[in-house]
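Take a look at the letters that make up each chain.
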Amino acid sequence: MSTAREQADGVGAERERAKVIPIGTGRSGGRSGAPKRKHGGGSAAKPGPAAEPVRLHPEAAGIPGPASGPATAAPGPAGAADADRAGPAADGSAAAGPAGAPAAARSAPRGVADAVAGAVGHALAGPAGALAGRVFGKGWEERAAGGLDFLRRRLTGEYEVDEFGFDPELTQKVLLSAVRPLADRYFRLEVRGAENLPTEGGALVVANHSGVLPLDALMTQVAIHDHTATRRHLRMLAADLVFVLPGVNELARKAGHTLACNEDAQRLLEQGEIVGVWPEGFKGIGKPFADRYKLQRFGRGGFVSSALRAGVPIVPCSIVGAEETYPMIGNARTLARILGLPYVPITPTFPWLGPLGAIPLPTKWTIQFGEPIATDDYPAEAADDPMLLFDLTDEVRETIQHTLYQLLVQRRSVFF
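Residues numbered from 1 in each chain as written. Predicted model: local features only at pLDDT ≥ 70, side-chain atom pairs only at ≥ 80, totals over all residues. Heavy atoms only, no water.

As recorded by an unreviewed UniProt entry, the protein carries the name Lysophospholipid acyltransferase family protein and is attributed to Streptacidiphilus cavernicola.

Next comes the structure, spelled out in structure tokens:
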């Protein structure tokens, strides 16, 4: 029979064996305030529990690095680029990353992506490649290689997003590429005054809003990107309805858009972005066809306040052609209240033709950017002067309205 002391020693030893210390959760050496990165639908990636986060070298990813500052590793397998290159540990065991996972497990998606790219490349090297050359013409190899490289980066997480969820690579190569045929071939968009857009630094683009659906905002985004020398991205200020619609919310965030509030607008302007605002809101896109090209009220001048505080120019933007895409001849107000929508339009084709009624009419579009209105000459307290805000707001509105009348006089036909 064991003594009480022996029993106590046995219990103590059993407790020591039962202690489990999670890997990478030690209290010393960690950085609790490590920056978080956003991917996908805006969810923040958890920082690695190791002492220092892994840094992703652009050379390892096969893409150019950011303009300034080191890029933190993308979450998951792609963030283990340096650990993977380090190879096995000195004692022959598998290398472990910040989370204690073997390097082989962390690099699995990268290996799958490379295998898929290799298989596609091998297939295109045979008869399929000759057929693709006849179908897609010259340069198809470079386009195919670029597409495979883009797919690899998406699968492995080697892409950048900012604090608003903006994904410039996805926006440029997927979203804008999908909208551009609609602008160039269907609406035959003509852009004037693009030289009034700054090639760098912040600017606030203020435009009229119309057309039942906000297609004019998408066309303005394409126009600014394709007609500025530096291929600038428009960061739109959207209504709250955009961010509660499933699917639309995620796409809007990835395209760089944010909720229409003065704080976000000022932050983007101070960061040197081109910000777009449509002050008419739902009153503009939901107005009846009889009131086409008649600007609604521009609100209380919040956009002017943001421009004054950031000291950036205001660029008036006039859009002709959007009013006739969905001629709104009625509004089902009762149904709109039931659905919680600002309006339910009735047009000559909707709802009578069902889904076909959602196809916009092929009108001819013109977007003209006016002379910038400087704000950097005003003192800092000018943003709190209600009379100055009213005067600048009225100046912007009158400039857009006058330009609309000029464009309508010059237009020969709605469709040609």
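### Points about the overall build of the protein
Stated formally: Where helices and strands are cited, they refer to DSSP runs of H or I of at least four residues and of E of at least two residues respectively, numbered from the N terminus. Each residue is placed in one exposure class: buried if its accessible area under a 1.4 Å probe, protein chains only, is under 20% of its type's maximum, exposed if it is over 50%, and partly exposed if it falls in between. Whether two residues are in contact is decided by their heavy atoms: any pair within 4.5 Å suffices. Here the open area of atoms and residues is found with the Shrake-Rupley method and a 1.4 Å probe, where only the protein chains shown may cover a residue.
When you go through the protein residue by residue, the secondary structure sums to 15 helices and 11 strands. Counting the 416 residues in the protein, one finds 38% classified as buried. For the protein, contacts bridging at least 24 residues in sequence account for 72% of all contacts bridging at least 6. Within the structure as shown, the protein displays about 22,700 Å² of accessible surface, and the carbon and sulfur contribution to it stands at 60%.

### With respect to the pairing of strand E8 (residues 314–320)
To keep things clear, this is the line we draw: Only when DSSP finds a minimum of two bridges between them are two strands counted as paired.
Across the seven residues of E8, seven count as buried, placing the element largely inside the fold. Residues Ile314, Pro316, Ser318 and Val320 of E8 are buried on one face, and the alternating residues Val315, Cys317 and Ile319, pointing to the opposite face, are buried as well. Bridge analysis of E8 against strand E11 (residues 366–369) gives four bridges, and the strand direction is antiparallel. Counterpart to Ile319 in the pairing with E11 is Ile367.

### Things to note about the sheet that holds E8
Stated formally: Every axis in this analysis is a line fitted to C-alpha atoms, fitted for helices over the stretch in contact. Angles between the N-to-C directions lie between 0 and 180 degrees.
Read across the open sheet, the seven strands follow the order E3-E11-E8-E4-E7-E5-E6; overall the sheet is mixed. Because the sheet does not close on itself, it has two edges, and the strands there are strand E3 (190–192) and strand E6 (258–259). Of the pairings in the sheet, the one linking strand E4 (residues 203–207) to strand E7 (residues 274–277) comprises four bridges and is parallel in character. The residue of E7 that forms the bridge with Val205 is Gly276. Contacting E3, E4, strand E5 (234–238), E7, E8 and E11, helix H9 (residues 215–226) crosses the sheet at an angle of about 160° to E5. Contacts from helix H13 (residues 302–310) reach E4, E7 and E8 within the one sheet, and its direction differs from that of E4 by about 165°.

### Observations regarding empty space enclosed by the protein
Selection criterion: Cavity and pocket criteria rest on a 1 Å grid covering protein atoms alone: a 1.4 Å probe that fits but cannot get out defines a cavity, protein on both sides within 12 Å along at least 5 of 7 lines defines an open pocket, and an atom within 4 Å of a point defines a lining residue. Grid points are joined across faces, edges and corners, and a volume is the space filled by probe spheres set on the points. Only Asp, Glu, Lys and Arg are considered charged, only Ala, Val, Leu, Ile, Met, Phe, Trp, Tyr, Cys and Pro nonpolar, and every remaining residue, Gly among them, polar.
Under the definition given, this model contains three cavities of 30 Å³ or more. When its volume is computed, the largest cavity comes out at roughly 50 Å³. Forming the boundary of the largest cavity are Gly211, Val212, Gly284, Ile285, Lys287, Pro288, Phe289, Glu323, Tyr326, Pro327 and Met328. Here the lining of the largest cavity is built from residues that sort into seven nonpolar, two polar and two charged.

### A word on H9
Selection criterion: The span you would expect from a helix comes to 1.5 Å times its residue count less one.
Its 12 residues give H9 an end-to-end C-alpha distance of 17 Å, which sits within 8% of 16 Å, the value for a rise of 1.5 Å per residue. Of all 12 residues in H9, 10 are buried, a share of seventy percent or more. Regarding H9, the residues found buried are Leu215, Asp216, Ala217, Met219, Thr220, Gln221, Val222, Ala223, Ile224 and His225.

### Describing the pattern of salt bridges
Our working definition: The salt bridge definition used is simple: a Lys or Arg side-chain nitrogen within 4 Å of an Asp or Glu carboxyl oxygen.
Taken as a whole, this structure holds 17 salt bridges when the rule is applied. In this structure, the salt-bridge partner of Glu169 is Arg154, at a minimum N-O distance of 3.4 Å. Note that Glu169 is positioned in helix H8 (residues 168–186) and Arg154 in helix H7 (residues 140–156), a separation of 15 residues in sequence. For the pair shown, Glu169 and Arg154 are each scored as buried. We note a salt bridge from Glu324 to Arg411, for which the minimum N-O separation is 3.2 Å.

### Side note on the side chain of Ser306
Threshold: Here a polar contact means two N or O atoms within 3.5 Å. Within protein one must be a hydrogen donor candidate and the other an acceptor candidate, and residues neighboring in sequence count only if both atoms are side-chain atoms.
With respect to the helices and strands, the residue Ser306 is situated in helix H13. One polar contact links the side chain of Ser306 to the main-chain carbonyl oxygen of Asn262, over a distance of 3.5 Å. Every residue in contact with Ser306, bar those within four places of it in the chain, is listed here: Asn262, Ala265, Gln266 and Leu269.

### Focus on the confidence of the model for the protein
Keep this limit in mind: pLDDT runs from 0 to 100 and stands for how confident the predictor is about each residue.
Summary statistics for the protein give a mean pLDDT of 77 and a share of 66% for residues scoring 70 or more. Taken element by element, the protein is modelled with least confidence in helix H2 (residues 58–61), mean pLDDT 38, and with most confidence in E11, mean pLDDT 98. Taken together, the stretch residues 13–106 has pLDDT below 50 and engages in 104 contacts with residues farther than four places along the chain or on a different chain.

### Things to note about unusual backbone geometry
Looking along the chain, the bond that leaves Phe350 and enters Pro351 is cis, with omega of 5°. Positive phi values are uncommon outside glycine, yet Tyr293 reaches one of about 60°. Turning to its location among the elements, Tyr293 is positioned in the loop between helix H12 (282–285) and H13. With relative accessibility at 4%, the residue Tyr293 sits in the buried group.

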